[in-house]
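One letter stands for each residue in the lines below.
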Amino acid sequence: MIKKLFREMLLTQVVSSMTVTVCMLIDSIMIGRFLGVDSVSAYGLATPLLLVFAAFGSLISAGVQVLCGKTMGRGDREGTNAGFTVSMTLGLGISLLGVVLVFLFLNPLTRMLGADPGSPVFTLTRDYIVGFILGAPAFLLALVMVPYMQFAGRRTRLVAAVGVMCVSDVVFDLLNVFVFHGGTLGMGLASTASYYVALVIGIGYFFRKDCMFRFRRRLFSAAVCRELFVYGFPTVVNQISLVLLIYCYNQMFLSLEGTVAVAAYSVVTTIGNICYCFGSGVGSVAMMLAAIFHAERDRSSIRELIRVMIRWAVVLDVAVTVICVAAARPLISLFLADSGSVTLIAVAGLRLFILSMIPSSINSALKSYYQGINLLGFAELISVLQNFVFAVASAFLLSRFLGISGVWLGYLCGETLTLLFISVFVFIKRRRFAVTADNYSLLDENFDAAPDRCFERTVQSVGEAAEVSRLLCDFCREKGMDARTSMLIGLCVEEMTVNIVEHGFTKDRLAHNIDVRLVVGDEDRVIRIRDNCTHFDPTKYLELHRTDDPAAHIGLRMVMGMVREANYVNSFGLNNLTLKI
């Protein structure tokens, strides 16, 4: 089930990761094709400020992925709604404060970004910032909403919002170029308008009656704010590191080849940001699933998650690398209309830069996984080394010998050194050299129940449900339980899985399966039943269908009568029922 779930979530997450990047890509293409090299340089100089705003959205979004992943893994609905309330409030508040501050300090910020006050680039940079920053509330709220829509399994709406946003941005940019002649200010405003269009489409889900999440003012608390920031802070460190990296690279390119090299770097990083979305999509899915599996203390699912995420990271970026190396010139020509030396620098730079994609995606996937399982300090250290220290140091040293090519190769060297650092850390921590999912998981030996205390099977038919029930009875007897308890646990699982097969599998023509897991602890016997059928909450169903008929829903009532505690949560479109015997 994990392989299928990861695959289903990945496309949506890659697309949603492009929420900010796609508009920046479209602006870069339009600016390069219609507004000239000075405007491209202005766009490149403005990028670090845009990334700072995106960093706050990413902080809250990552905090949501970890915090709500854990509360949903525990079946804590109030905790999930508290996270929703706090994150939406913070997203709106921070974005509005940011807009005010940018307008108050607009000229100093523009100078700080490297634009000379006496040059045309200064005015162009300032204008683009003004136009783009008005969309800050929309793109911050969009970033916050993405994980919630993933948790709810609303992937079609997510893809639709991003698709409409892209089309809107192209239309608005063309209107700006050919009708309004608004320059870089108009380009920024076009992005702003497209973000609000996407926000309107996405936010509609949260006003539906069947929305999983509820805004409750009484649940807003400083404790939840602090928890959200703690879980999301590694992402801020990552974004700040990227801002510093781009600033340092801009200065190195300026010193080597001037604004021509900065314009080429702006184009390459814009293409690179789209390529990075594949790796960040893998990382985001890994973070959400890791948070849930870690809360469930499910070692086997975590091991499978690591294998799947690394496989997808490599497969996707092998394809991306091959395409970009082969099609470097056509890709650059989308942004630059025969701009001589700028085009030559950009084409050579893209071919060198793109070689870093494969190790970059592996590093990002591992870093996101570690963030999801609460190894926050390690995730922060990886971010600083990956996106600043190793990359900048490598570029600086290589540029002494290879010139501008050495700066481009700094990315590849930085990512390779980061992957080496992670591996060395893992080998030292685990005290064994082994490139395995279990080694890289960095889970304590006592993280979950011993393998011989855990029963796991998959059910795909009524016959398999009966067989799993029989095997479960035998397993319970082997663990020292009496015959009655063993039989009741087997009946409980058989009743629930047969109901799911008979009523859930028949709702559509899709392939379905049920994962059954029993963990035998010292005091509790915990059963988890997970399926990928339509949404069904058995705990609420009995409340809504109360009757005096003793025969009505007898199987479900029998199961609920056996258990000390029953928790249900629907996450990523999966039904998750946890029963404590």
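Throughout what follows, the structure given in this document is the object of discussion. Each residue is numbered by its place in its chain's sequence as written, counting from 1. Since the coordinates come from a predicted model, pLDDT governs what is reported: local features require at least 70, and pairs of side-chain atoms require 80 or more to be given and counted, while whole-chain, interface and lining totals use all residues. The basis for the side-chain values is all heavy atoms of the structure; hydrogens and waters are excluded.

### Details of the nonpolar core
Within soluble globular proteins, side chains that are nonpolar tend to cluster in buried spots. This is how it is decided: The definition of a nonpolar core used throughout is a set of buried Ala, Val, Leu, Ile, Met, Phe, Trp, Tyr and Cys residues joined through side-chain atoms within 4.5 Å. Burial status follows relative accessibility: with a 1.4 Å probe on protein chains alone, a residue under 20% of its type maximum counts as buried, one over 50% as exposed, and anything between as partly exposed. For helices the rule is a DSSP run of H or I covering at least 4 residues; for strands it is a run of E covering at least 2, with both sets numbered from the N terminus onward. Residues are treated as being in contact if the distance between any of their heavy atoms lies within 4.5 Å.
Among the nonpolar cores identified, the biggest contains 149 residues, and Tyr249 and Tyr370 are the most heavily contacted of them. Among the elements that make up this core, the one with the highest residue count is helix α10 (residues 259-296) (20 residues). Those residues within four positions of Tyr370 in sequence are excluded, and the remaining contacts are Leu375, Leu376, Phe378, Ile382, Ile422, Val426, Tyr440, Ser441 and Leu442. With 28 residues, the next largest nonpolar core counts Val468, Met481, Ile529 and Val563 among its residues.

### Describing the sheet that holds strand β4 (residues 565-571)
Stated precisely, the cut-off is as follows: The pairing criterion for strands is at least two bridges between them, as found by DSSP. Interaxial angles span 0 to 180 degrees and are taken between N-to-C directions of axes, which are lines fitted to C-alpha atoms, for helices over the stretch in contact.
Taking strand neighbours across the sheet as the criterion, the five strands line up as β1-β2-β3-β5-β4 in an open arrangement whose pairing is antiparallel. Sheet topology places β1 (454-459) and β4 at the edges, where each strand pairs with a single neighbour. Across the sheet, the axes of successive neighbouring strands diverge by a mean angle of 15°, strand direction being ignored. Looking at chain direction, β1 and strand β2 (residues 514-520) are connected through six bridges and run antiparallel. Of the residues in β2, the one forming a bridge with Cys454 is Val519. Set on the sheet, helix α18 (residues 462-478) makes contact with β1 and β2; between it and β1 the angle comes to about 175°.

### Observations concerning a nonpolar patch on the surface
Under the convention used in this document: Like charges are joined within 9 Å and nonpolar side chains (Val, Leu, Ile, Met, Phe, Trp, Tyr) within 5 Å, but only among residues with over 30% relative accessible area and no salt bridge; these make up the patches. All accessibility values rest on the Shrake-Rupley procedure with a 1.4 Å probe; residue burial counts only the protein chains present in the view. Salt bridges are defined as contacts in which a side-chain nitrogen from Lys or Arg sits within 4 Å of a carboxyl oxygen from Asp or Glu.
Taken together, the side chains of Phe34, Val167, Val170, Val171, Leu174, Leu175, Phe178, Val179 and Phe180 define a hydrophobic patch exposed on the protein surface, amounting to about 800 Å² of accessible area. Sort the elements by how many residues they give to the nonpolar patch and helix α7 (residues 155-180) lands first, with eight residues. On the secondary structure map, Val170 appears in helix α7.

### Thoughts on the side chain of Ser41
Mapped onto the elements of the fold, Ser41 is located in helix α2 (residues 37-74). The exposure class assigned to Ser41 is buried, which follows from its relative accessible area of 2%. When neighbours within four sequence positions are excluded, Ser41 is seen to be in contact with Thr259 and Ala263.

### As for the pattern of salt bridges
Scanning the entire structure with this criterion turns up ten salt bridges. One salt bridge connects Arg432 with Asp438, and the closest N-O pair in it is separated by 3.4 Å. For Arg432, a relative accessible area of 32% corresponds to the partly exposed category. Take Asp438: its relative accessible area is 22%, and that puts it in the partly exposed class. Several salt bridges share partner residues, and in doing so they unite Asp298, Glu456, Arg517 and Arg528 into one network.

### Observations regarding the packing of aromatic side chains
Going by this rule: Note on ring pairs: Phe, Tyr and Trp rings are taken, using the six-membered ring of Trp, and paired if centres are within 6.5 Å. Classes follow the plane angle, with under 30 degrees stacked, over 60 edge-to-face and the rest tilted. Lysine and arginine charges are scored as sitting over a ring when NZ or CZ, respectively, is within 6 Å of the ring centre and within 35 degrees of the ring normal.
Summed over all chains, the structure comprises 27 aromatic pairs. Of the aromatic side chains, those joined through ring pairs into one cluster are Tyr249, Phe253, Tyr265, Tyr276, Phe353, Trp408 and Tyr411. In this arrangement the basic side chain of Arg400 is found over the ring face of Phe396, its NZ or CZ atom lying 4.6 Å from the centre.

### Considerations on the packing of α10 against helix α14 (residues 357-372)
Axes are the key here: two packed helices are described by the angle between their axes and the distance separating the axes. Quick note on the threshold: The scheme is simple: roughly parallel for angles under 35 degrees, roughly antiparallel for over 145, roughly perpendicular for 65 to 115, oblique for anything else. By definition, any crossing whose near helix is turned counterclockwise from its far helix by less than a right angle is left-handed, and any crossing with a clockwise turn is right-handed. Polarity classes work like this: nonpolar for Ala, Val, Leu, Ile, Met, Phe, Trp, Tyr, Cys and Pro, charged for Asp, Glu, Lys and Arg, and polar for all others, with Gly in that last group.
Between α10 and α14, the least distance of the axes is 8 Å, while the angle of their chain directions is 25°. Relative to α14, the element α10 is oriented roughly parallel. For the pair α10 and α14, the crossing hand works out as right-handed. Along the contact surface, α10 presents Cys275, Tyr276, Gly279, Val282, Gly283, Ser284, Ala286, Met287, Ala290 and Ala291, while α14 presents Met357, Ser360, Ser361, Ser364, Ala365, Ser368, Tyr369, Gln371 and Gly372. For the contact of α10 with α14, the residue count by class is ten nonpolar, nine polar and no charged.

### Notes on α7
What counts, and what does not: Any helix carries an expected span of 1.5 Å times its number of residues minus one.
With 26 residues, α7 extends 36 Å from end C-alpha to end C-alpha; this agrees with the ideal 38 Å at 1.5 Å per step. Along α7, the residues classified as buried are Arg155, Leu158, Ala161, Val162, Met165, Cys166, Ser168, Asp169, Asp173, Asn176 and Val177.

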